[in-house]
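Each chain is listed here by its residues.
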Amino acid sequence: MSAKDEVDGPFCVINADDFYGYDAFKKMADFLSNEADDKHMSLMGFELGNTMSDYGYVSRGVCEVTNEGHMASVTERTNIYYDKENNG
């Protein structure tokens, strides 16, 4: 909402503490340029295993989608980490 007076078209919010590579930015830019409108929005999702850290725990929003591919909910999960003592 802090940018509501400055933004009048499709936009993306990027969380600054994680970087998931050029491809993610390219896919979102293509979506915003070619598909986004008042009824077509997007969330860039990643498989949990591809977002883990070797240096401690992470927090992630776990998305649930409908059979039609629409987002139903996002649940914040915290303290997710590799359990190296149990091979995971």
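To be clear, the structure that these remarks concern was listed above.
A quick note: this is a predicted structure, and the numbers were derived from the prediction, not measured.

Turning our eyes to something else, we now look at the side chain of Thr-51. Considering the arrangement of structural elements, one finds Thr-51 in the loop between α1 (22–34) and β1 (58–65). In this structure Thr-51 comes out as buried when scored by relative accessible area, which is 7%.

This part is about the pattern of salt bridges. Following the criterion strictly, the structure yields 3 salt bridges and no others. Here Lys-4 ties to Asp-5 by a salt bridge, and the two come within 3.4 Å at their closest N and O atoms. There is no split in this pair, since Lys-4 and Asp-5 are both exposed. Lys-27 is the partner of Asp-23 in a salt bridge, and the nearest nitrogen-oxygen pair spans 3.2 Å. Taken together, the positions of Asp-23 and Lys-27, both in helix α1 and 4 residues apart, correspond to about one turn of that helix. Judged by relative accessible area, Asp-23 falls into the partly exposed class, the value being 46%.

Pairing of β1 with strand β2 (residues 71–80), which is carried by 7 bridges, proceeds in the antiparallel orientation. Its bridge partner lying in β2, Val-58 is registered against Ile-80. Once β1 ends, the chain turns through 5 residues before running back antiparallel as β2, passing Gly-69 with a positive phi of about 90 degrees.

Cut-offs and rules
Residues numbered from 1 in each chain as written. Predicted model: local features only at pLDDT ≥ 70, side-chain atom pairs only at ≥ 80, totals over all residues. Heavy atoms only, no water. Helix = DSSP H or I, 4+ residues; strand = E, 2+ residues; numbered from the N terminus. Buried < 20%, exposed > 50% of the residue type's maximum accessible area, 1.4 Å probe, protein only. Salt bridge = Lys/Arg side-chain N within 4 Å of Asp/Glu carboxyl O. Pairing = 2+ DSSP bridges.

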